[in-house]
Structures are given as structure tokens and as C-alpha cells.
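What follows is the residue order along each chain.
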There are 2 protein chains.
Amino acid sequence: MASKRLSHTALRPLLPSTPPKLLRPSARRPISAYGYEQAKALTFTQYGDPPAVLSLHTHSISPAHSSLLTLRFLASPINPADINQIQGVYPSKPVFTTALSTPSPIAVAGNEGVAEVIGVGDKVKGFAKGDWVIMKAPSFGTWRTHAQTTADKLVKLEPAAREGISAVQAGTVSINPCTAYRMLSDFVKVGEGEWFVQNGANSGVGRAAIQLGKAWGLKSINVIRDRPEGVEALKRELAELGATVVVTEGELLAREFRERVKEWTDGGREEVRLGLNCVGGEAATAMAKILAPHAHFVTYGAMSKKPLVLPASLLIFKDVHFDGFWVSKWAEWHPEEKKKTVEHVLELTRRGEFKDMPFEQVPWEWETPESELIAAVKGTLEGFRKGKGVFVFKNT
Amino acid sequence: MASKRLSHTALRPLLPSTPPKLLRPSARRPISAYGYEQAKALTFTQYGDPPAVLSLHTHSISPAHSSLLTLRFLASPINPADINQIQGVYPSKPVFTTALSTPSPIAVAGNEGVAEVIGVGDKVKGFAKGDWVIMKAPSFGTWRTHAQTTADKLVKLEPAAREGISAVQAGTVSINPCTAYRMLSDFVKVGEGEWFVQNGANSGVGRAAIQLGKAWGLKSINVIRDRPEGVEALKRELAELGATVVVTEGELLAREFRERVKEWTDGGREEVRLGLNCVGGEAATAMAKILAPHAHFVTYGAMSKKPLVLPASLLIFKDVHFDGFWVSKWAEWHPEEKKKTVEHVLELTRRGEFKDMPFEQVPWEWETPESELIAAVKGTLEGFRKGKGVFVFKNT
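Residues numbered from 1 in each chain as written. Chains lettered and ligands numbered in written order. Predicted model: local features only at pLDDT ≥ 70, side-chain atom pairs only at ≥ 80, totals over all residues. Heavy atoms only, no water.

Trainee: Help me understand the interface of chain B and chain A, please; the structure alone is not making it clear to me.
Mentor: The figure often quoted for interface size is the accessible area lost as the parts come together. Counting from both sides, the interface comprises 25 residues of chain B and, opposite them, 25 residues of chain A. Buried area between chain B and chain A, summed over both chains or domains, comes out near 2000 Å², and the portion from carbon and sulfur atoms is 72%. Among the residues of chain B in contact with chain A, Leu315, Ile316 and Phe317 of chain B are the three that bury the most area, contributing 28% of the side total. One can count zero salt bridges joining chain B with chain A. Here chain B and chain A share five residue pairs in polar contact (both at pLDDT 80 or more) between them. Among the elements that make up the side of chain B that touches chain A, the one with the highest residue count is strand β15 (residues 321–324) of chain B (four residues). (Contact = heavy atoms within 4.5 Å. Buried area = accessible area lost by both parts, 1.4 Å probe. Salt bridge = Lys/Arg side-chain N within 4 Å of Asp/Glu carboxyl O. Polar contact = N/O pair within 3.5 Å; in protein donor to acceptor, adjacent residues only side chain to side chain. Helix = DSSP H or I, 4+ residues; strand = E, 2+ residues; numbered from the N terminus.)

Have a look at this one:
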């Protein structure tokens, strides 16, 4: 799909209104004589199915003045939460505004991404042209070529932190790797050689947890969904990332599973101290039952759409604690920690200890038609072959 | 039932083998010429239905020597956990021993109680004859007239702490009031004027939580089971204890309940920071849903025998934490805290801020027949009219 998309883009005819010289790499953006940026954004005026409600809106951005900064986006992933937000079922609501020169309020989709600072007002401190920034909080609207905002909405990636890091790596570090990182760090101290267990191990968070766990000397039991084919290949792939054990949900639910856990954990002497759950339902209950006393079980998703069902004995007699984690709120409460976490993951990435998630790169050039951008959102909604999509901005 | 039991006891003929003079108050215990205590204990040799497996065992206790202490029990309640332990379904297992001069190992039933020290070995430090003691850990075996043990198993009630306190009050403080006290204190700081919500509000723990909450300036929403009659009387009774609001489970599950909570809590500005759950099932879920963000929900029982069912959103987006509490383990881990907690509750009792639970006093005299003692256990199992039973030792 990526190659087809690329070739299609390469053949795309220029719009007659765009002067050919502006498409040279050195003059890639359509900029007016007065320094106004031309910008495009994937927007919606009401909640609904993304293909039905999204539209590509073109507007202009005035030169940055006072405390304003102008950003040019480099990479913005398409996360499931972005889609839920467009559907209106995500608790973090987008901002509907007429600031983008529309008669009715619109919201820009997208919550995560990395942008380059291309304009700085005279009252802005701590940011300069060329800086890379990520968003401090959700609902920024990252599916757009440009934005104008204030410094309090941004986290700057220090030059040392972005060295050798691609835009896609920087643009996808805030949500999944941060979620895995904080869940492995903030609830219970899992010591070296101790275990955590997780479901959805093949997800972005799951893969991040496997790699961070390995970097920190933790062992992991990783649960993946049963699937008609490719189970062994996926098990091998996750093992290569650093998973100690990979099992299917069917294996997790089998009668002998607890005996297998005992074998892996030296008869239980190596404790399973932490569970990470994005599935819910009976598979989550089964996972909670292998935890050691005083363990923490952290829920960050509910892909089965089923609630968590917990025997009281797990709480009362085993003293297992059930918590939740939402990276958006965490980042709002701990902006400094977010910066440190992101920089640490990028450091691991640079050292080769943390690999990119399998993303489907979706080029977003100035002339990329609306239909193609929306098709990429639909693609992530339905599940790309390789993983989620990420908009990569080129010549914008 | 109590009055019937009392009159029956009063009319009980003396056993021919017991010299009449020993039944005078000043010489109430059958003591041998060599200082051996005659003791009786409700024991079992195997798990099962209490009336089927319990039997009254008579044995003698040698004079306390070395590091041993001899105790005479004053009051020992019949708690649901005691019954579960006899049934073999409680995780804290009793000790089966031949130390009470039996050919096969037996266990003494009962986990809570207060006893008087009546004999002290020469190596015992910190205890003297006449001291009142409670048990440090479960499975002591408190349904007996006498016991011999070592100091490490006991918590001494300082003379100041027991001043003006009855044996029943001291003998029933370790489990229910301690459970309520720690759950209100150890999970989240509920500030004065803030709320907690609990089900099983009519239970021993529930009544303790109401009273402690009132003493500490906390407001409470209290859920009781629906019942064919007496709802209004019970609501009044709990309100008199200090409950701010009392509702039935039916009211909790009604559509308009959340609106009512808003009214009580000044539109939600007064936060419900803590939930105490001993029921489980849908009533527990409904209770969790009225909690404020970051609240804690502590499970200490599952009277409905249904698991806890939790929508993931409560964990992820509302950051509610689900914990459990088991007073037995807590006391094992924090013996000093247990002593302080008990003494503080007794202090509140002395000041009139903490009232006795409604107990059915079951006199246990030297001659009380086995059938009568076992009937009292059965009575608690089936639910006394007034509350649980408590053995009160007299002339033993």
C-alpha cells in the first residue's frame, strides 16, 4: 500500500494555481508576499465516522508575532484514540474554533506529532526557528501542515535529544512508548529478573513495553490474540524484540497455564509483579490471577469492549491493586516528566535498544488530495497490514 | 434469644463432680491441687459445616513456666470469617495440633477475643497477671475458656486503654472497627466535609465506618440491602449513628441516583473520595461510578458472592484505584499500628463517640453444654435477630 501511495503521489499533476518554482525543495511552501503561510488541516465540524465527517481545510497563517509561534508539522501518527475522538467517544474532547477562518467552528483532528518551529514572535522565550517540538497535551490538532500556537502548548526536544532521530521516531514517541514507560515505572518496582505480564503485546504499547522491559532487565509474559495464521512468526518477532515468553489468549485461558507460569518463574520464586491490560474480559481476569501478592494490574485499554471482572479474593487476600493509566492526563499533570521520558526513549532509540513501531508511512504533500488523506485514516481504522499509519509531511 | 439462654443457664443443675464451693464468684474456676487449669475449647478435627464438625473438648493446662502465659478468655465474638475458617474456605488456616492432649490433631475455632492473663512464666517480660490481651494474628483459637501461649502472640491493652471498657467492647474491637478505621485512613485522605460511600452499611464494619467517619468530620453515603420491612427504622438507626445519607440497593441502582448524589454533594463540588465495598456485583459497580476522579475503592468482602465488574473507563479516564483490605494480614504486618488503632477506638468508645455493635451475648459458663455453644455458632451463621453472637465467659 505504501509503494502504491508513493507512486501515485509522484505522478500527481501540479495544481495550475501553484507556481512551479515553489515546488523546488528550497522553496517548498506556498508563502505569500507578506509572509503568510498557506496551511491545510484535516478538520471536522461534528462527531461521526471519520470518512464521513473529515474534510481538508485550507487557510492562511499570519506571521508569528508577540507570544505566537508558527509550526510546520513533520510527522503525525494516526492513533486509535484520534479516531475515537473524531467519533465523539473519547473523553478528551477536541477544540471547535472559528480561528481558522471558517464561518462555523471546526476542530483539527490528531493528537500526537512532531513539528518544526518556523516562526517565533518577539515575546517567545526558549524557542527558536528550527527547534523540534511535540505537543504537551492532547487535542492540539496535529493532522495539519502548519499551526500557530503559544509556547505553553509545546515541549521542545533539545538538540541533543533529537540527534540521529527521524521525524517519524520523534512524532510517535509521546503516546505508545510513554504509556509503556510510565506503566512499567510508576505503579510498582519490578526488579531486575522479575516479571511483568501483558496482553495486546503486539500493539504499539505492547512492543514498547517488551523493548523497555528488556532494556531494564525485566522478564515478560506476552499475550497475543489467537489468529488463523502467522502466530509462530509473530511470536518470533516479539521474542526478537525482547519478549521472554509469548503466548496466545487460548494458551492463557488453558487449564495448564498456571503450571507453565510456575515453570517459567522458577516455581513462583521469580514474582510476576505487574500486569498491563488493554483487552479486558476473561483474558484480563486470567492474567490477573497469575500475579504475585501485592502486584499492580494497570488497565490502559479495553479492546474486547468487555469490562474487567475481578474475584474479590484477588483484592482482599492477594492484595492486588487495580489501577488505570491514561497518558494524556499523565502528561498534563507531569509535563517535565513527559519531556524526560520522551528524551530517554529517544536516547534508547539512538543506542539501538528501542526500535520503531511498524508504521505505514503516509506522505502528505501540499498537493495530496483530501481523499487520499482520509483513506489513510480509514486504513488505520480498519487495520493496515503493517501497523498504524503516520502522516509524513513533505514539501509542505 | 439472649434472655432465654440466660434463664436456661440460671436453672442449670450443678454437675455432681464439681465441689459446690468452687462455684462461688471468688473461686469460680476448677483448679487442681497442683495449679492445673481445667479448660474447655470448641474444636474441630476436619473442615465442614460448623454444627457437624465442632465439638467441645476439655483438657488441662499446666502452670505457666518459662516464657509461657496462661490466659482466661473474657469475650470472643463469632465472626463470619470464623465460620468460613471452620468450613475450610478462608485463606487463613487454623493450626491443627495435638498439644491439647488429643490423639489426633485438632484446631480451636475463633480468631478474635480478649483474655485476662492469669499466669506468667518467669521469663515473660512486659505482661503481668490481670493484664488484658488481644490476639496479634488470626487463627489463635479464641473460642475457649483458657489458653497457654507466648508473649509474641499477644497485644496488651494498657490499663489506661481498657479503663471503662467492657470485655465485649475490648473483645470485638480488633476486626470490624479496625477494618473500618484502616480503610478510612490508609488509602486516600478524605478531608473533613468530603464523602465516602459504602455498602453493607448495616454490618459491623459499616457501623464502625459510620461512627469513625462522623468523629472525623466525614460525610457518608450508606447503602443497605432492600428488605421486606424495617427499612425506615434501619435508616433512622444508622442516621443516629452518624450516617449522612442512607439508601437501599434499589435506590442506588435507580436511574436518578447520580442526580441525587449531585444534590447531596453540592453539584459534585464535595467529592466522594473513597468507596468501601463488602458486596460486589452490580451494586458495587454502581457505587464505583459515583466516585470522584482519583478516588480509591476498597473491597473487603463479597457478600453477594459476585465478582467486581469494572468498566475500563473508571480505571483509565477517571483514575479510580481498586484495592482490597484484609485486617488479618494488615495486623500481621503492622502489629504496632494495630495496638494504636485498637487503643484509639477504645478511647473513642470511652468518650461515647463509638458505640458497641449490636451483639447477641452468649454466656459461656463452665457448665454450658456443647449443644448450646454450637447452637450460638449456628445462630450467627443464620443471622441472629440483633447481630452477631459473642461468647461472654462467666465463672470459667
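Trainee: Just checking my understanding: could you explain the pattern of salt bridges for this structure?
Mentor: Oppositely charged side chains can form a pair if their charged atoms are brought close together. In this structure the tally under the stated criterion is 40 salt bridges over all chains. Residues Glu251 of chain A and Arg260 of chain A are paired through a salt bridge, measuring 2.9 Å at the closest nitrogen-oxygen approach. In this structure, Arg72 of chain B and Glu116 of chain B form a salt bridge, with 3.6 Å as the shortest nitrogen-oxygen distance. Of this pair, Arg72 of chain B sits in strand β3 (residues 68–77) while Glu116 of chain B sits in strand β5 (residues 114–120); the two residues are 44 residues apart in sequence, bridging distant segments of the chain. Each of Arg182, Asp186, Glu337 and Lys340 of chain A takes part in one network of salt bridges that share partners.

Trainee: I'm lost on the relation of the copies chain B and chain A in this one. Help?
Mentor: Superposition of the two copies of the chain requires a rotation about an axis and a shift along the axis. Here chain B sits on chain A after a turn of 180° about the axis and a move of 0.1 Å along it, with an RMSD of 0.1 Å. The symmetry that links the two subunits is that of a two-fold axis. Both copies contact each other with a shared surface, as 100% of the interface residues of chain B are interface residues in chain A too. (Least-squares fit on C-alpha atoms with pLDDT ≥ 70 in both.)

Trainee: It is not clear to me how the sheet that holds strand β1 (residues 37–44) of chain B should be interpreted in this structure. Could you clarify?
Mentor: All names here are of chain B. Pairing is antiparallel across the open sheet formed by three strands, whose spatial order is β2-β1-β4. With one partner strand each, in any of the chains shown, β2 (55–61) and β4 (107–108) form the two edges of the open sheet. Inspection of the sheet shows β1 paired to β4 by two bridges, in the antiparallel sense. Counted as the bridge partner of Phe44 is Ala107 from β4. (Pairing = 2+ DSSP bridges.)

Trainee: It is not clear to me how the domain arrangement of chain A should be interpreted in this structure. Could you clarify?
Mentor: Residue and element names in this part refer to chain A. Assigned domains within chain A: domain 1 (2–172 + 356–394) and domain 2 (176–328). The interface of domain 1 with domain 2 comprises nine residues on the first partner and eight residues on the second. Contact between domain 1 and domain 2 buries roughly 640 Å² in total, counting both sides, with carbon and sulfur atoms accounting for 60%. There are zero salt bridges connecting domain 1 and domain 2. (Domains from an automatic or database assignment.)

Trainee: Explain helix α15 (residues 370–382) of chain B to me, please; I cannot follow it from the model alone.
Mentor: In an α-helix, one turn spans 3.6 residues; hence positions three or four apart end up facing the same way. Its 13 residues give α15 of chain B an end-to-end C-alpha distance of 18 Å, which sits within 8% of 18 Å, the value for a rise of 1.5 Å per residue. Residues of α15 of chain B that are buried include every one of Glu372, Leu373, Ile374, Ala376, Val377, Gly379 and Thr380 of chain B, and no others. (Expected span 1.5 Å × (residues − 1). Buried < 20%, exposed > 50% of the residue type's maximum accessible area, 1.4 Å probe, protein only.)

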